[in-house]
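# Tertiary structure, described
Listed below, chain by chain, are the residues.
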Amino acid sequence: MSLSDLQPLGKEKSDSMEKVAEVEVKELSVDHEKLSSYEQDEYLVRDYAHDIAIKVLSTQDDPTQPAFTFRFLFLGIGLSAFGSVLAQIYYFKPQTVSVARLFLLLISYFLGNFMAFVIPRKGWFRYLNPGPFNIKEHTALIIMCSTASVSAQASEIVAVDNLYYNNVLSPALAIFTLLSSQLLGYGFAGILRDFLVYPTEVWWPSIVTSANVFQALHYDRSLASKRVKVFWIVFGVVGVWEIIPQFVFPVLTGVSIFCLIDNGRHDWMRNVFGGASNNEGTGLLAACFDWNYIGGGVFWQPLKTQINQDIGLLLTYIFMCALYYGNIWKAKSFPFMSQDLFYQNGTQYDQSLILTNNVFDPFKYQEQGPAFFSASNAWFLLVSNLALGSCLVHVLLWHWSEISGAFKFSYLLSGGSDVDDPHYNEMKKYKTVPQWWFLLILLAAFAGAQATNYKGFSGLPWWSLIVLLVMSFILTVIYGYLAAITGFQLSWFGSGFFQMIVAFMLPGRPVANMYGTMYGQYTMNQSITLLADFKLGQYTKVPPRVTFVAQVVGAVVGCVLNYVMLINIIDNNRAALLSIAGTRLWSGQNPQSFNSNAISWGALGPEMFGAGGVYFMVPVALAIGVFLPLPFYFLHKKWPKAGFDYVVTPIITQYSAWLTVGINTSITFSVLIGIFSQYYVRKRYPRWFTKVSQRHSEYRFLPLIKCPPILAVQVSRVSGVQHQFF
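Positions within a chain are numbered from 1, following the residues in the order the chain's sequence is written. The predicted origin of the model limits local features to residues at a pLDDT of at least 70 and limits the giving and counting of side-chain atom pairs to 80 or more, whereas totals for whole chains, interfaces and linings rest on all residues. With hydrogens and water set aside, each side-chain value is computed from the structure's full complement of heavy atoms.

### Points about the overall build of the protein
Note on conventions: DSSP H or I runs of at least 4 residues are helices, E runs of at least 2 residues are strands, and numbering of each starts at the N terminus. A count of helical and extended segments in the protein gives 34 helices and two strands. Burial status across the protein gives 58% buried among its 726 residues. When checking whether two residues touch, look at their non-hydrogen atoms; a contact exists if any pair is within 4.5 Å. Summarising the internal contacts of the protein: among those between residues at least 6 apart in sequence, 81% fall at separations of at least 24. Reported accessibility uses the Shrake-Rupley method at a 1.4 Å probe radius. Residues are deemed covered only where the shown protein chains occlude them. As displayed, the protein has an accessible area near 29,700 Å², and 65% of this comes from carbon and sulfur atoms. A simple rule labels every residue: compare its accessible area, found with a 1.4 Å probe on the protein chains alone, to the largest value its type can have, and call it buried under 20%, exposed over 50%, or partly exposed in between.

### Concerning the nonpolar core
Residues Phe92, Trp204, Leu604 and Tyr615 are the most contacted members of the largest nonpolar core, which totals 180 residues. When residues of this core are assigned to their parent elements, the largest contribution, 15 residues, is made by helix H25 (residues 510-539). Only buried Ala, Val, Leu, Ile, Met, Phe, Trp, Tyr and Cys residues count toward a nonpolar core, and they belong to the same one when joined by side-chain atoms within 4.5 Å.

### Overview of a nonpolar patch on the surface
Taken together, Leu396, Trp400, Phe407, Trp462, Trp463, Ile466, Val467, Val470 and Ile474 make up a surface patch of nonpolar side chains, about 800 Å² in accessible area. Listed by contribution, the elements that provide at least two residues to the nonpolar patch are helix H19 (375-403) and helix H23 (462-486). With respect to the helices and strands, the residue Leu396 is situated in helix H19. A relative accessible area of 34% places Leu396 in the partly exposed class. Two distance rules govern patches: like charges are joined within 9 Å, and nonpolar side chains (Val, Leu, Ile, Met, Phe, Trp, Tyr) within 5 Å, applied only to residues with over 30% relative accessible area and no salt bridge. Note on definitions: salt bridges are taken to be side-chain nitrogens of Lys or Arg within 4 Å of carboxyl oxygens of Asp or Glu.

### Side note on the pattern of salt bridges
Pairing between side chains becomes possible if they bear opposite charge and their charged atoms approach one another. Within this structure, the stated rule accounts for five salt bridges. Lys136 serves as the salt-bridge partner of Asp61, at 2.5 Å between the closest nitrogen and oxygen. One end of the pair, Asp61, is in the loop between helix H4 (48-56) and helix H5 (70-91); the other, Lys136, is in helix H7 (residues 135-148), with 75 residues separating them in the sequence. The burial state of Asp61 is the same as that of Lys136; both residues are buried. The shortest N-O distance in the salt bridge between Lys429 and Glu426 comes to 3.0 Å. A network of salt bridges, in which partner residues are shared, links Asp61, Lys136, Glu426 and Lys429.

### Some remarks on the packing of H19 against H23
Across the interface, H19 lies against H23 with an axial gap of 9 Å and an inter-helix angle of 80°. When the axis of H19 is compared with that of H23, the two are roughly perpendicular. Between H19, through Leu388, Cys391, Leu392, His394, Val395, Leu396, His399, Glu402 and Ile403, and H23, the contact on the second element is made entirely by Leu475, Val477, Ile478, Tyr479, Tyr481, Leu482 and Ile485. Residues are grouped as follows: Ala, Val, Leu, Ile, Met, Phe, Trp, Tyr, Cys and Pro are nonpolar; Asp, Glu, Lys and Arg are charged; all remaining types, including Gly, are polar. Looking at the contact of H19 with H23, its residues break down into 13 nonpolar, two polar and one charged. Whenever a helix is involved, its axis is fitted only over the stretch in contact; in every case the axis is a line through C-alpha atoms, and angles between N-to-C directions fall within 0 to 180 degrees. The labels follow the angle: roughly parallel below 35 degrees, roughly antiparallel above 145, roughly perpendicular from 65 to 115, and oblique for the rest.

### Some thoughts on unusual backbone geometry
Phi angles above zero are rare outside glycine, and Trp204 is one such case at about 50°. The phi torsion at Trp329 lies on the positive side, around 55°, for a residue other than glycine. Among the secondary structure elements, Trp329 is positioned in the loop between helix H17 (303-325) and strand S1 (355-356).

### Quick notes on the environment of Arg126
Position of Arg126 among the secondary structure elements: in the loop between helix H6 (101-118) and H7. Look at Arg126 and you get partly exposed, because its relative accessible area is 43%. Beyond its immediate sequence surroundings of up to four residues, Arg126 is in contact with Pro120 and Arg121. Counting of polar contacts relies on pairs of N or O atoms within 3.5 Å, with two restrictions inside protein: one atom must be capable of donating a hydrogen and the other of accepting it, and residues adjacent in sequence are counted only when both atoms are side-chain atoms. A polar contact is formed between the side chain of Arg126 and the backbone oxygen of Gly123, at a distance of 2.8 Å. Polar side-chain contacts of Arg126 include one of 3.1 Å to the side chain of Tyr127.

### Describing the environment of Gly602
Mapped onto the fold, Gly602 is located in helix H27 (residues 589-602). Take Gly602: its relative accessible area is 0%, and that puts it in the buried class. Along the sequence, Gly602 and Asn513 sit 89 residues apart, while their C-alpha atoms lie 5.4 Å from each other. Look past the residues within four positions of Gly602 in its chain and what remains in contact with it is Leu506, Pro507, Gly508, Arg509, Pro510, Asn513 and Asn597.

### A closer look at helix H22 (residues 435-455)
For H22, with 21 residues, the first-to-last C-alpha span of 31 Å sits near the 30 Å given by 1.5 Å per residue. Every buried residue of H22 is listed here: Gln435, Phe438, Ile441, Leu442, Ala445, Gly448, Ala449, Gln450, Thr452 and Asn453. Looking one or two residues past H22, Phe457 carries a phi angle of roughly 55°, positive in sign. The span expected for a helix works out to 1.5 Å for each residue beyond the first.

### Quick notes on the side chain of Asn271
In this fold, Asn271 is placed in helix H14 (residues 267-273). The exposure class of Asn271 is buried, given its relative accessible area of 3%. Contact partners of Asn271, with chain neighbours within four places excluded, come to Glu280, Gly281, Thr282, Tyr324, Tyr325 and Phe336.

### Topic: the side chain of Ser670
With respect to the helices, strands and loops of the structure, Ser670 is situated in helix H32 (residues 667-684). Looking at Ser670, the relative accessible area reads 14%, which means it is buried. Looking at Ser670, its side chain comes within polar contact range of the main-chain oxygen of Ile294, at 3.4 Å. With sequence-adjacent residues up to four places away left out, Ser670 is seen in contact with Ile294 and Val298.

### Notes on the confidence of the model for the protein
The pLDDT value tells you how sure the predictor is about a given residue, anywhere from 0 up to 100. Predicted confidence across the protein gives a mean pLDDT of 82, with 85% of residues reaching 70 or more. Predicted confidence for residues 1-33 stays below pLDDT 50, and this span has 45 contacts to residues more than four positions away or in other chains. Segment residues 699-726 is flagged for pLDDT under 50; beyond a separation of four residues in sequence, or across chains, it makes 81 contacts in the model.

### Here's the deal with the packing of H19 against helix H29 (residues 617-627)
Relative orientation and spacing of two packed helices are given, respectively, by the angle between their axes and the distance between those axes. For the pair H19 and H29, interaxial distance at closest approach is 7 Å and the crossing angle is 30°. Taken as axis vectors, H19 and H29 run roughly parallel relative to one another. Considering the relative orientation of H19 and H29, their crossing is right-handed. Across from Ala378, Leu381, Leu382, Asn385, Leu386, Leu388, Gly389, Ser390 and Val393 in H19, the residues of H29 making contact are Met617, Val618, Pro619, Ala621, Leu622, Ile624, Gly625 and Val626. The residue makeup of the contact of H19 with H29, split by class, is 13 nonpolar, four polar and no charged. Crossing chirality is assigned from the near helix's rotation relative to the far helix, an anticlockwise turn below a right angle marking it left-handed and a clockwise turn marking it right-handed.

### Quick word on the packing of aromatic side chains
Think of it this way: a Phe, Tyr or Trp ring, Trp meaning its six-membered ring, pairs with another when their centres are within 6.5 Å, and the plane angle makes it stacked under 30 degrees, edge-to-face over 60, tilted otherwise. For the structure on display, the rule yields 40 aromatic pairs. On the basis of an interplanar angle of 40° and a centroid distance of 6.2 Å, the ring pair of Phe82 and Phe103 is categorised as tilted. Pair noted here: Phe82 is in helix H5 and Phe103 is in helix H6, with a separation of 21 residues, a long-range link. By relative accessible area, Phe103 is classed as buried at 13%.

Here is the structure:
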């Protein structure tokens, strides 16, 4: 590995850099209380974007390494098929799990090296095995199979249409619906590369650790071997430990001393301090010993992001208790935490009784009466709009100069200006992907979406699709930039907004609401995911055209196999999927929830959220959110050194409803570990932070990535018979 790539500041430091490279693993136990100025300059992370790009990640590149190889295509397509089939199967399981990128990364690493070892390299075999398995083909095939290894949101629509509306789409129509929804996001991502991929400031914290893993496995094999030893030690220790909270003693998922003392005598104690079970409580001061719930974000999210999240979490405790015990929105008539709809008497609302031919029937609605949310669910919807409004204004106020070019028509046609970034500069030796390639994909996907909407009887007019895509593009630029600089990246961000918009554009049409939400929110989410993959390719020096092929092929393979498995599962398990409880092997909870949300917004939106509705403040919150960043912006202009620029209102607001669903006992440990890692370790032990903590932060979670063939069956018990350990 070239030392100049690790620190491209000139040759005068090369000798000292060689010494550091020789001892960077052995000298992790030095006295860091007396850091030298050299150690601070070389390792201390102050400016996350610049320092991560230079001090943590290497700019090393070997242009002679092939990327478009037989191994790339064979393993990429094979693992894409594997991942997309499993993702679709587990969409219909009682406990939904996902195919994690790190599982695919590790499996492909061993398979790639195995192929490099067993395939001869002489004669025509050299085309199958051009040399050692390298970082470029490894990254490219991971981008391909991670693109495919999801259950696309369009497949949810195909499933709901089939199960609940007896609208069975033809194979060609269903596959093109899936493909159009995927490629719309890809078109957006491609034309935004100059703003959301190439510059140093858009460093995408969510994929830095993946880039580190690739570099550790492939660069400087002698050094990598030491890191791999560390990996196996951590992997083994955490893997053995996870058997205990996941299988032997699930109670370790959440331990609350307050609930143990109370012993179930008071509901308020459970609501405030409980949280080990789904929708049990907020989990205040609870202890969690399951790393699966604590998550790896505490190690790679920057301190600024985590502090804003923690402020929001504190507000969650306050607002959830205030809303419920203040009986706001008749909160005490309903559960403390729930995502269902209710009648006024607290029983579950039967949404099917207000539809006629899948369209809202006002006369039936009068017979059934109004529907209500739990206060926590209503608060979540309100806060989501607050966060979206504040996100728009926050990014426009603080970062308009960085993103303004994305809204210029001239840029969309020809691309933006040149970018000065150490990783991007290394990429200039490769042919770029012309802007018109992505524009062509975008236009083709748009035409396919319009055609499939018409032939699939979506109820979504042509003009509404244009409106939703324009909104989606704007939000992709703004929210994508925020995700790229802070790591604040949520797959469901904006879903409530698009459901609300479609509900007011097309009231009384739940099917149209599903399609509209898909083309709005899912297109944005898909774009942001693909932009992060572009950045991963830049960090690991994958030629842009190989990345282009990997993502397109991954999308096509994923769409086809998503549909094949979906139809097979529905045809063979229809009764179980339509059942509320399902079976121990199959469950329709995901399509049921998706359909319920569409009915809630598509059928009841104006009645619940319109003028005079109980929850009229939910859409009003969007306008309120627009004003939240303004005080901090003007205070910063007045007192620039006071730290008001540290406040990120969209993160604070979104996290102020973070505990309204699910298991919440991990919060206390997540906050403490995050602050310890990003503040104490980063400042006092900078070499350890840059060379080990950042590099192995995802290694610790490999044993618990919910790999479907292993943990999903053996540990998570998504199928089969549960056995009592004692």
